[in-house]
Amino acid sequence: MTSVLYDAPGPRAKRRNVILSVVFFVLLALLLWWVWQVMDDKGQLEWSLWKPFTEANAWTTYLLPGLADTLKAAALSMVIALPLGAVLGIARLSDHRWVRGPAAVVVEFFRAIPVLLLMLFANEFFARSTDVSSADRPLYAVVTGLVLYNASVLAEIVRAGILSLPKGQAEAGYAIGLRKSQTMKSILLPQAVTAMLPAIVSQLVVIVKDTALGGVMLGFTELLNSRGTLAANYANVVPSFIVVAIIFIVLNFILTSFASWLENKLRSSKRSTGAVLGAEDVADLNAGEVGANPDGAAGGKTL
């Protein structure tokens, strides 16, 4: 298939692509074989190191509680950061400077600070200025840091998604008498959500992974922190890293798969039927509108 941006490869290009693909898979197989050999030489493939993961104790005592805390922190951060980011993103598009200015300052400030620094600052704040218990403080600090950082990033995603729409969409809303808030809610946001969904999902994946920062620096008992305790008890550091990495991969795969399904569903629900009205159909519609409105105004609305 040939288009403006893409030319179908010819016979020579196809042969070159096949050769490059074969070379890539051969090199990948060699790399995996080398890694396997190194792990075998170092004794990391011994059954005694992997056996704990086949037993219930390792999961119920260490991995599953850590996974539960990871999901808890990530879910709380998502639930708070998504609406907050949407509000900040829309505020940055406001016609009022007193709304647009502070929103821009908040977004740019928290987006420029590393999320780990926000977690550490939040942990000190809760320790010195609040009555939050030491047991709950790591969770509060992790969620606070994730919310502040990711809400600012999501605000930029929302703003960019709305600005990416053709100007005619907003102008059409204004032409039928909608206010800016009504146009935003009824016309712009529903269309922008579909365009923003891949970027939003990418940011949600970042939230899930960044919970590990709290485990490393704040002692939050999430999945990676629980892995350390498990490895100390079973002396299987490398296997435990591999298992935890697989768990994170599965989590993020489930999240992205759900997002892809939701995006396809949203796109299919907005897809036009493609029906073309003939002259008789238009005449029937106009006759029905005139009959419904004796003054002859189309659709019974006055612009």
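Scroll up to find the structure this text is about.
This write-up is about the structure you can find in this document.

Here we come to the nonpolar core. L63, V142, I162, L188 and L223 are the most contacted members of the largest nonpolar core, which has 47 residues in total. Breaking this core down by element, the ones donating at least two residues are α3 (56-91), α5 (115-129), α6 (137-163), α8 (180-217), α9 (223-234) and α10 (237-270). Ranked by the residues each element gives to this core, the list is headed by α6, at twelve residues. Ignoring sequence-local partners within four residues, the contact set of L223 consists of L63, G66, L67, T70, V244, I247 and F248. Residues A91, A103, V107 and A155 belong to the second largest nonpolar core, which totals five residues.

The next thing to look at is helix α1 (residues 11-41). Over its 31 residues, α1 extends 45 Å from the first C-alpha to the last, a length consistent with the 45 Å expected when each residue adds 1.5 Å. Positive backbone phi, approximately 80°, marks G43, located one or two places after α1.

Note that N150 resides in helix α6. Within polar-contact distance, the side chain of N150 engages the backbone oxygen of L146 at 2.7 Å. Not counting the four nearest positions on each side in its chain, N150 is found in contact with A81, Q203, V206 and I207.

So, about a nonpolar patch on the surface. Residues F24, F25, L28, L31, L32, W33, W34, V35 and V38 make up a contiguous nonpolar surface patch of roughly 920 Å² in combined accessible area. The residue F24 is located in helix α1 in this model.

It is worth spelling out the side chain of S77 at this point. Summarising the element assignment, S77 is placed in helix α3. Of the residues examined, S77 reaches a relative accessible area of 0% and is grouped as buried. In this view, S77 contacts V143, L146, V147 and I207; residues no more than four positions away in its chain are not counted.

With that settled, consider unusual backbone geometry. For A235, which is not a glycine, the phi torsion comes out positive at approximately 55°. Relative to the helices and strands, A235 is located in the loop between α9 and α10.

Rules behind the numbers
- Residues numbered from 1 in each chain as written.
- Predicted model: local features only at pLDDT ≥ 70, side-chain atom pairs only at ≥ 80, totals over all residues.
- Heavy atoms only, no water.
- Core = buried A, V, L, I, M, F, W, Y, C linked by side-chain atoms within 4.5 Å.
- Buried < 20%, exposed > 50% of the residue type's maximum accessible area, 1.4 Å probe, protein only.
- Helix = DSSP H or I, 4+ residues; strand = E, 2+ residues; numbered from the N terminus.
- Contact = heavy atoms within 4.5 Å.
- Expected span 1.5 Å × (residues − 1).
- Polar contact = N/O pair within 3.5 Å; in protein donor to acceptor, adjacent residues only side chain to side chain.
- Patch = residues over 30% accessible without salt bridge, like charges linked within 9 Å, V, L, I, M, F, W, Y side chains within 5 Å.
- Areas by Shrake-Rupley, 256 points an atom, 1.4 Å probe, with all protein chains shown as cover.
- Salt bridge = Lys/Arg side-chain N within 4 Å of Asp/Glu carboxyl O.

Spatial relationships are all this shows, so hold off on functional conclusions.
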